[in-house]
Each structure stands twice: as structure tokens, then as C-alpha cells.
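# Reading the structure
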Amino acid sequence: MALKWKSKILLAKLETTYNTDAEPTAAANGILATDITLTPMEGSDVSRNLEIPTLGAQGSVPIDVHAKLTFNVELAGSGAAGTAPAWGPLMRGCAVAETITADTSVTYNPVSDDHESLSIYFLIEGTQFVMTGARGNCTIDFTTSAIPYLKFEYWGLFNQPTEETRVNPTLTAFKKPLAVTKANTPTFTLAGVSLVMRSLMLNLGNAVEPRFLVGSEGILITDKEESVETKVEAVPLGTLNPFTMAADQTDVAINLVHGLTAGNIATLAITKAQMQRPQGLENAQNIVEWPLRLVPIPTVGNDQWSLTLT
């Protein structure tokens, strides 16, 4: 029987103990995702380098085998202020903390220690792939005239795939997104200046390292270096001068608000980002645009950025 490519199911649940299967269920842990790709057996093959009397290929030994899964999730709130969105566990698996203020807000921000991990099940037809001890990276993507996305890359420890009975995941906690438009994204400022924006992407910049040693195997986040890329309409230098800012190593604030109603408003705040050297000018519909790069900088630590849902 041929396996249908579009027949995919994704489940994810936070682990209580690292690399102990959290056993996500279809009823509670379904993930509504797009563009799922799986590399089920990443690693290396070490040749045996045998000395044999004839020419021919050598056998090899697979080592450091792990899995990689990439997918996108629509960025939309839970629909109720102070209620975490269904994609919250995915952010927490990317070295991010989740802080809930009842009936008011849910805030995500980076953390340096005590990183959480996920157990992820991916089914295509009846074949189930399981990643345990999974940790990852995320890019938050706001692009005009498109759906805002959380773009995830996850690495996890390998488990042999099995044939399982298919389940029907509950996905109602994932709400419909709003496209990034003038009406739906009412605020975008850089250094306190309101600019016309084409796109903004925040890459969390996690260094995700599969680490395989005697006595310890795992997926670790060993460092992080966030980066921002944005494209905006150029303005007179008296209004905003990114060239002087880059030369002077100027730190600026970035603020973006997307959404209109309570429970569906997302605010991305970066309080201090160093302007990098502009790489050039771009022509878009015969309008000059600046592609700008910025690096979020900690102030007291773990405050480089925040994503707050209200």
C-alpha cells in the first residue's frame, strides 16, 4: 500500500524528565503545522577501513544517530487573554520561558538555564516516528501580505519507527491567524520612529548541539545569539539614519504589535538592538527600501526580546 504524503499527524508534549517519553496524546497534544519535513536518521557513518585482498566498498558503522524535524506554526493567540496558546510548549522547547498572568497576558522570553525538552510523535499514514529529548530553534516571521509564522527546527534522540493505529488529533485550540497588513498590524517602530515595513524576522539563534558521550546522550542548547532582519521603506536621514547608527554602534528599540482583539494581540518587543552595517539598497516597485540587520542585546540578562499575548 502506498503511503499518502499529505497524511500527517504531529503531536508534541513537554517532558517531565529529560529523554523520558512524555507520551503525547491526540486529544491533548496535537499540533497544527505546515511544511513538515523529517530527517529520521541524521548522524555519521564511520568506515571500518578494513584491509581486504580485493577492491570494493567498505562496511560502515552508524554513529550519533538522531532526528531532525522542521515545521511552521501559524502565530495566533489562544483567543482568551491570559490563556497560553496551543503552540506554547513548542516555544518552551526552544530555551524560552512562558509566564502567565491570569486573565491578562502570556509572555515568552529567552532563558539561559533549565531548558525544557519535548517528546514529539510524527505519523505519516501508520508509520510513527518518535523523537525524545527534543530541543530546537525558532524564527518569528512577520511578512506583509502573509500569515505570521513561528518557524521551528527541532532535533531529538532517535527511536526506531513503528507501525501504529492512526489517531485523530484535536486541533481546536489553534485559532485562525490574521494576515500581516496595515489594518491587522497597527504598530511597527524602530528607534521610536514609525516605519513602513515589508518584513521582520527574529531568529532566536539557538546553538542546538547533539551530544553523544559514554554515560550521557542528549540534545543541548549551548548558546544563543539572536538576530533581526527587517525590510522597511527608506526615509530621509534626518528621520532615521541607519548608517550613522551602525557606525556609532547605536542600540535601538523595536516594537511590533499584531492583532486587534483581546486574546489575539501579539506584541514583539526588543528593548535594545544594535544596528549592524546596512548591506545595500533595494528597489521594490520603484521605491527605495532598506534591508536592515540588528542584534538584540541583553540588558540584565534573558531580556533580549519578549513576545507578549494579550
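The text that follows walks through the structure, step by step, so that each part is easy to find. The shown structure was predicted, so the numbers you read here are calculated from the model rather than taken from an experiment.

Rules and cut-offs
- Residues numbered from 1 in each chain as written.
- Predicted model: local features only at pLDDT ≥ 70, side-chain atom pairs only at ≥ 80, totals over all residues.
- Heavy atoms only, no water.
- Helix = DSSP H or I, 4+ residues; strand = E, 2+ residues; numbered from the N terminus.
- Buried < 20%, exposed > 50% of the residue type's maximum accessible area, 1.4 Å probe, protein only.
- Contact = heavy atoms within 4.5 Å.
- Polar contact = N/O pair within 3.5 Å; in protein donor to acceptor, adjacent residues only side chain to side chain.
- Salt bridge = Lys/Arg side-chain N within 4 Å of Asp/Glu carboxyl O.
- Pairing = 2+ DSSP bridges.
- Core = buried A, V, L, I, M, F, W, Y, C linked by side-chain atoms within 4.5 Å.
- Disulfide = S-S within 2.5 Å.

### Section: the environment of E116
- Summarising the element assignment, E116 is placed in the loop between β5 (105–110) and β6 (118–124).
- The class for E116 is partly exposed, based on a relative accessible area of 27%.
- For the pair E116 and S60, spaced 56 residues apart in the sequence, the C-alpha separation amounts to 34 Å.
- With residues up to four places along the chain from it excluded, the contact list for E116 reads L14, R92, G93 and R135.
- One polar contact links E116 to R92, side chain to side chain, over a distance of 2.8 Å.

### Some details on the pattern of salt bridges
- Scanning all chains against the criterion turns up seven salt bridges.
- In this structure, E125 engages K4 in a salt bridge whose closest nitrogen and oxygen atoms are separated by 3.7 Å. With E125 in the loop between β6 and β7 (127–143) and K4 in the segment before β1 (8–14), this residue pair connects regions lying 121 residues apart in the sequence.
- Among the residues examined, E125 registers a relative accessible area of 9% and is labelled buried.
- Connected through salt bridges with shared partners, the residues R92, E98 and E116 form a single ionic network.

### Notes on the pairing of strand β19 (residues 287–296)
- As paired strands, strand β15 (residues 227–233) and β19 are joined by six bridges and run antiparallel to one another. When the sheet's bridge partners are listed, E233 is paired in β19 with E289.
- Pairing of strand β17 (residues 266–275) with β19, which is carried by three bridges, proceeds in the antiparallel orientation. The partner of M275 across the bridge, within β19, is L294.
- Here strand β18 (residues 282–284) hands over to β19 after two residues, with Q285 in that stretch at a positive phi of 55 degrees.

### Looking at the nonpolar core
- Counting 58 residues, the largest nonpolar core has W87, L90, M91, F152, Y154 and W305 as the members making the most contacts within it.
- Setting aside residues up to four positions removed in sequence, W87 forms contacts with V73, E74, L75, A76, Y108, L150, F174, L307 and L309.
- Within the second largest apolar cluster, seven residues are counted, among which are W155, L157, F212 and I221.

### Here we look at the side chain of S105
- Here S105 is to be found in strand β5.
- Sequence-distant contacts of S105, that is, excluding residues within four places in its chain, are made with A81, G82, T99, I100, T308, L309 and T310.

### Brief notes about the pairing of β6
- With seven of its seven residues buried, β6 lies for the most part within the structure.
- Side-chain alternation along β6 places L118, I120, F122 and I124 on one buried face and S119, Y121 and L123 on a second face that is also buried.
- In terms of strand pairing, β1 meets β6 through seven bridges, oriented antiparallel. For K13, the partnering residue across the bridge sits in β6 and is S119.
- Counting the residues that bridge the hairpin from β6 to β7 gives two residues, and of these E125 lies at a positive phi of roughly 55 degrees.

### Here we look at the state of the cysteines
- Following the criterion strictly, the structure yields zero disulfides and no others.
- Counting only cysteine sulfurs, C138 is the nearest neighbor of C94, a cysteine outside any disulfide, at a range of 5.5 Å.
- A residue is classified by how much of its surface remains accessible, and C94, at 0% relative accessible area, is buried.

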